[in-house]
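What follows is the residue order along each chain.
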Amino acid sequence: MSENIVEIDNLSFGFKGRLLHKNINMVFPRGKVVAIMGGSGSGKTTLLRLIGGQIKPVKGQVRVDGKVVHEQDRDGMYKLRRTMGMLFQHGALFTDLSVFDNVAFPMRELTDLPESMIRDLVLMKLNAVGLRGAHQLSPTELSGGMARRVALARAVALDPNIIMYDEPFAGLDPISMGVICDLIRSLNDALGATSIIVSHDVKETFLIADYVYFVANGEVAAEGTPHDLMQSTLPFVHQFVHGEKDGPVPFHYPATSYQAELFKQASL
Amino acid sequence: MQMINSTLFTGMAKLLRGIGRRMIERIWRLGAGARLFFLTIIYSGESFKRFHLTLREIYFTGVMSLLIIVVSAFFVGMVLGLQGYNTLQKYGSSEAIGVLVALSLVRELGPVVTALLFAGRAGTAITAEIGLMKATEQLSAMEMMAVNPIARVIAPRFWAGVIAMPILAALFSMVGVLGGYMVAVPLIGVDDGAFWSQMQANVDVRDDIVNGVIKSVVFGVACTMIALFEGFDAPPTAEGVSHATTRTVVISSLAVLGLDFVLTSFMITV
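Nothing here was measured: the structure is a model prediction, and the numbers come from that model.

Focus: the overall build of chain B
Move 1: Helix and strand counts for chain B come out as ten helices and zero strands.
Move 2: Helices (α) and strands (β) of chain B occur, in sequence order from the N terminus, as α-α-α-α-α-α-α-α-α-α.
Move 3: Taken along its principal axes, the extent of the C-alpha atoms in chain B is 70 × 65 × 35 Å.
Move 4: In chain B, which comprises 270 residues, the proportion classed as buried is 43%.
Move 5: Nonlocal contacts in chain B, meaning residues at least 24 apart in sequence, comprise 87% of its contacts between residues at least 6 apart.

Have a look at this one:
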């Protein structure tokens, strides 16, 4: 059994002739919480989709548990996905099902467990995220933070080996953010799983991640432990970690001269 | 002169390119729609195994469409009664009003108007629901859970539409006949016995009722599949879902009217 549960080798991905990722190399060791960070539009979520096999790379490969993801047929892919759980950015809860039925969904669809056992398991998962009391509610009755916690309970419903989080902290209030942060780490350790977090929230991610990859311009711009990256003098990492307005990532979108543009406007 | 020619040429080339692009897009969409249809048939087994999913959708597409179908059918039947009597009495055959109302409804208006109302009521709801499921990543979430969205979401809705449509069309014809009766017999005073006996004698099970049922099944397949495909193919934005919903009504309505002509031609020939 390899030390790394997920390995990305020389991966390139793009569409319409434009490469979004160029020769990316990453490893995700078993039992660790690894974060992929970078600015908006840097292709972080696309990396999760590549790991999940929802899209195919142009070059290179993603291996999950030693198996090349994009070479799997439909059955092989589904078998692989049963070992993964994914928390989507906005939860992606099924709005026609209650909180209970959302968490029970993967159990009912993918296992032959009796309903009595499913009930107990769902209540245990919801208890772990602190929402056992909300099991009868509809997803439309939940706050953003609560929806994210229910989605987390659903993602870990079948005790996956890999849990992927797409922007788990986006749009949450500080209390919910703290709760989610704590849950990601504790669930990872309790289940003995490997967590892959895609985020641009530095403070929360650095608090729980064991290792961090920075993605910029389609490449791995930097990598290391949160402590190393906090001390980094690389201009991009420094700008990102300290939230500086200007730096290698410019404040202004590329444009023609400001003066020329204003005069052009006036002459219209 | 040369400049005008060049501008004209560029304009023509742009126009042709635009037409070509649109044609390719339409053909591509037709292919994608056909692919979804075949995948739906292939993965239908699962939705039959868990028929409660299909039953639930029959409730949403069929039962929830009942009100609009029944009310429309009643008015359509009453108008048929009035118009029919107005014309038939000129030839002294006002007793044939029953058969006129029944044949119009069973052969044509029942299946066609039901399909048009279905496209507007249930079709748009299906497109919006599937489109929003896509926009809110619910379909992606299913895929990531190793659950096939075509088997779990598309197939039950497809069969629900196919089952609900003939039942709704039969109800439409039944209520329409009742509407025609209300106008012709109690209101105008056509003989009660003549109304029903003429209908009984002239409406044929094979030529009229079975053909009507065949039409409504075909419309059910077309309308439901169009609604499902438009939702499944909608860009995951508010604008994308809104356009998809509009397209469902437009394409379904045109498909129903076109298919009606084709089916009627075959039925009359055979």
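Here we look at the overall build of chain A
Move 1: Secondary structure assignment for chain A yields ten helices and ten strands.
Move 2: Computed over its C-alpha atoms, the radius of gyration of chain A comes to 21 Å, within 12% of the 18 Å expected for a compact globule of 268 residues.
Move 3: For chain A, buried positions account for 37% of its 268 residues.
Move 4: Here the contacts in chain A between residues at least 6 apart in sequence split such that 64% fall between residues at least 24 apart.

Side note on the nonpolar core
Move 1: Within the largest apolar cluster, 135 residues are counted, with the highest numbers of intra-cluster contacts made by I51, M164 and I196 of chain A.
Move 2: Ranked by the residues each element gives to this core, the list is headed by helix 7 (residues 149–188) of chain B, at 19 residues.
Move 3: The residues contacting I196 of chain A, other than those within four sequence positions of it, are F28, V34, I36, L48, I51, I162, M164 and Y165 of chain A.

Quick word on the pairing of strand 8 (residues 194–199) of chain A
In the case of a regular strand, side chains alternate between the two sheet surfaces.
All names here are of chain A.
Move 1: Within strand 8, six of the six residues are buried, leaving the element largely enclosed by the surrounding structure.
Move 2: A two-sided burial pattern is seen for strand 8, the buried positions comprising T194, I196 and V198 on one face and S195, I197 and S199 on the other.
Move 3: The sheet contact formed by strand 3 (residues 33–37) and strand 8 spans five bridges and is parallel. Paired with I36 across the bridge in strand 8 is V198.
Move 4: As paired strands, strand 7 (residues 162–166) and strand 8 are joined by five bridges and run parallel to one another.

Some remarks on the sheet that holds strand 1 (residues 4–15) of chain A
All names here are of chain A.
Move 1: Taken together, four strands build an open sheet; the order of strands is 2-1-4-5 and the sheet is antiparallel. The open sheet is flanked by strand 2 (18–29) and strand 5 (67–68), the only strands paired with a single partner.
Move 2: Of the strand pairs in this sheet, strand 4 (residues 59–64) and strand 5 are connected by two bridges, and their pairing is antiparallel. Bridging from a neighbouring strand, R63 pairs with V68 of strand 5.
Move 3: Packing of helix 1 (residues 44–51) onto the sheet brings it into contact with strand 1, strand 2 and strand 4, and relative to strand 1 it is tilted by some 120°.

A closer look at helix 10 (residues 238–269) of chain B
Move 1: The end-to-end C-alpha separation of helix 10 of chain B is 46 Å, in line with the 46 Å expected for 32 residues at 1.5 Å each.
Move 2: Where helix 10 of chain B is buried, its residues meet helix 5 (97–135) and helix 9 (205–233) of chain B.

Points about the packing of helix 5 of chain B against helix 8 (residues 192–202) of chain B
Residue and element names in this part refer to chain B.
Move 1: Between helix 5 and helix 8, whose axes approach to 7 Å, the crossing angle comes to 50°. When the interaxial angle is binned, helix 5 and helix 8 end up oblique. For helix 5 against helix 8, the interelement crossing comes out right-handed. Residue-level inspection shows I97, G98, V99 and A102 of helix 5 in contact with helix 8, the latter providing F195, W196, Q198, M199 and N202.
Move 2: Residues that form the contact of helix 5 with helix 8 fall into these classes: six nonpolar, three polar and no charged.

A short note on the sheet that holds strand 8 of chain A
Residues and elements named next belong to chain A.
Move 1: Pairing in this open sheet of six strands is mixed, and the strands run 6-7-8-3-9-10 from one edge to the other. The strands lining the two open edges of the sheet, one partner per strand, are strand 6 (84–87) and strand 10 (219–224). Put simply, the sheet's adjacent strands are angled 15° from each other on average, direction ignored.
Move 2: Strands strand 3, strand 7, strand 8 and strand 9 (211–216) of the sheet are contacted by helix 1, whose axis makes an angle of about 150° with strand 8.
Move 3: Across the sheet, helix 5 (residues 144–155) is in contact with strand 6 and strand 7; its angle to strand 6 comes to roughly 170°.

Topic: the pairing of strand 9 of chain A
Residue and element names in this part refer to chain A.
Move 1: Bridge count for strand 3 against strand 9 is four bridges, and the pairing is parallel. Looking at the pairing, M37 lines up with F214 of strand 9.
Move 2: In the sheet, strand 9 pairs with strand 10 via five bridges, with the strands oriented antiparallel. If you follow F214 over to strand 10, its bridge partner there is A222.
Move 3: Connecting strand 9 to the next strand, strand 10, in antiparallel fashion are two residues, including N217 with a positive phi near 50°.

Here's the deal with helix 5 of chain A
What sets the pattern is the α-helix's 3.6 residues per turn: residues three or four places apart point alike.
Residue and element names in this part refer to chain A.
Move 1: With twelve residues, helix 5 ought to run about 16 Å at 1.5 Å a step, and its terminal C-alpha atoms sit 16 Å apart, in line with that.
Move 2: A large share of helix 5 lies buried, amounting to ten of its twelve residues.
Move 3: Considered for burial, the residues of helix 5 that qualify are M146, A147, R148, R149, V150, A151, L152, A153, R154 and A155.
Move 4: Close packing links the buried residues of helix 5 with strand 6, helix 3 (99–110), helix 4 (115–128), strand 7 and helix 6 (174–191).

Quick word on the confidence of the model for chain A
The predicted coordinates of low-pLDDT regions are not to be read in fine detail.
Move 1: Predicted confidence across chain A gives a mean pLDDT of 87, with 96% of residues reaching 70 or more.
Move 2: Mean pLDDT in chain A bottoms out at helix 10 (residues 258–267) of chain A, which sits at 75, and peaks at helix 3 of chain A, which reaches 94.

Observations regarding unusual backbone geometry
All names here are of chain A.
Move 1: Phi at D159 takes a positive value of approximately 50°, unusual for a residue other than glycine.
Move 2: Along the chain, the position of D159 falls in the loop between helix 5 and strand 7.
Move 3: A tally of 15 C-beta atoms within 10 Å means that D159 is categorised as partly exposed.
Move 4: The phi angle at N217 is positive, at roughly 50°, despite the residue not being glycine.
Move 5: Looking at the element boundaries, N217 is found in the loop between strand 9 and strand 10.
Move 6: Overall, the presence of 14 C-beta atoms within 10 Å leaves N217 in the partly exposed class.

What counts, and at which threshold
- Residues numbered from 1 in each chain as written.
- Chains lettered and ligands numbered in written order.
- Predicted model: local features only at pLDDT ≥ 70, side-chain atom pairs only at ≥ 80, totals over all residues.
- Helix = DSSP H or I, 4+ residues; strand = E, 2+ residues; numbered from the N terminus.
- Buried ≥ 20, exposed ≤ 12 C-beta atoms within 10 Å, placed from the backbone.
- Contact = placed C-beta atoms within 7 Å.
- Rg over C-alpha atoms; globule rule 2.2 N^0.38 Å.
- Core = buried A, V, L, I, M, F, W, Y, C linked by C-beta atoms within 7 Å.
- Pairing = 2+ DSSP bridges.
- Axes fitted to C-alpha atoms, helices over the stretch in contact; angles between N-to-C directions.
- Expected span 1.5 Å × (residues − 1).
- Parallel < 35°, antiparallel > 145°, perpendicular 65-115°, else oblique.
- Left-handed = near helix turned anticlockwise from the far one by under 90°.
- Nonpolar A, V, L, I, M, F, W, Y, C, P; charged D, E, K, R; others polar.
- pLDDT = per-residue confidence, 0-100.

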